[in-house]
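# Per-entry structural report
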Amino acid sequence: MASYVLSMMNKHDLAKYGEYMAQGFVSLEGLPFEVVVGENLETLEGTAPGSSVVLMKFPDKDAAMKWYRSEAYQKAIPIRHQAAETIFAVHFTDDQ
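Conventions we followed
Residues numbered from 1 in each chain as written. Predicted model: local features only at pLDDT ≥ 70, side-chain atom pairs only at ≥ 80, totals over all residues. Heavy atoms only, no water. Helix = DSSP H or I, 4+ residues; strand = E, 2+ residues; numbered from the N terminus. Contact = heavy atoms within 4.5 Å. Salt bridge = Lys/Arg side-chain N within 4 Å of Asp/Glu carboxyl O. Buried < 20%, exposed > 50% of the residue type's maximum accessible area, 1.4 Å probe, protein only. Core = buried A, V, L, I, M, F, W, Y, C linked by side-chain atoms within 4.5 Å.

When you line up the elements, serine 3 lands in strand 1 (residues 3-11). In contact with serine 3, other than residues within four places in its own chain, are Met56, Lys57, Phe58, Pro59, Asp60, Lys61, Ala64, Val90, His91 and Phe92.

Spelled out as structure tokens, the structure:
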């Protein structure tokens with residue numbers, strides 16, 4: 001079953017966010033994933049919890065958690081916190 005990692009954010013330091021993205025991409029090297037939605041959030045109803053959204057798809061829970069808990073991504077998290085207010089969630093689908 002696929003696992004999706006959703007991030008919604010309001011960026012307040014674009015230079016620092018660039019540092020986060022660079023470190024974030026390093027943390028994904030060699031892992032199976034795809035970004036199915038990127039920037040440019042368009043809200044159709046209600047109030048969005050952020051101005052940007054990223055949805056990443058991993059083949060399963062183990063792959064998603066391997067990435068999130070990796071030493072490389074753990075180094076990126078404080079940079080993200082300095083650059084943006086974020087909501088981070090992991091959603092697991094059940095294909096049964």
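A separate point is the pattern of salt bridges. Counting across every chain of the model gives two salt bridges. The shortest N-O distance in the salt bridge between glutamate 19 and lysine 16 comes to 3.6 Å. Highlighted residues: glutamate 19 and lysine 16, both in helix 1 (residues 14-28), separated by three residues, approximately one helical turn. Lysine 75 is paired through a salt bridge with glutamate 71; the nearest N and O atoms lie 3.7 Å apart. Remark: glutamate 71 and lysine 75 occur in helix 3 (residues 71-83); sequence separation between them is four residues, near one turn of the helix. In this structure, lysine 75 and glutamate 71 share a single accessibility class: exposed.

Time to look at the nonpolar core. In terms of nonpolar packing, the biggest core is built from 19 residues, with Val5, Tyr17, Tyr20, Met56, Phe58, Trp67 and Tyr73 touching the most fellow members. Looking at this core, the elements that each hand over two or more residues are strand 1, helix 1, strand 3 (52-58), helix 2 (61-68) and helix 3. A total of five residues in this core trace back to one element, the largest contributor, which is helix 3. If near-sequence neighbours (up to four positions away) are discounted, phenylalanine 58 is found in contact with Ala2, Ser3, Val5, Leu28, Pro32, Phe33, Ala63, Ala64 and Trp67.

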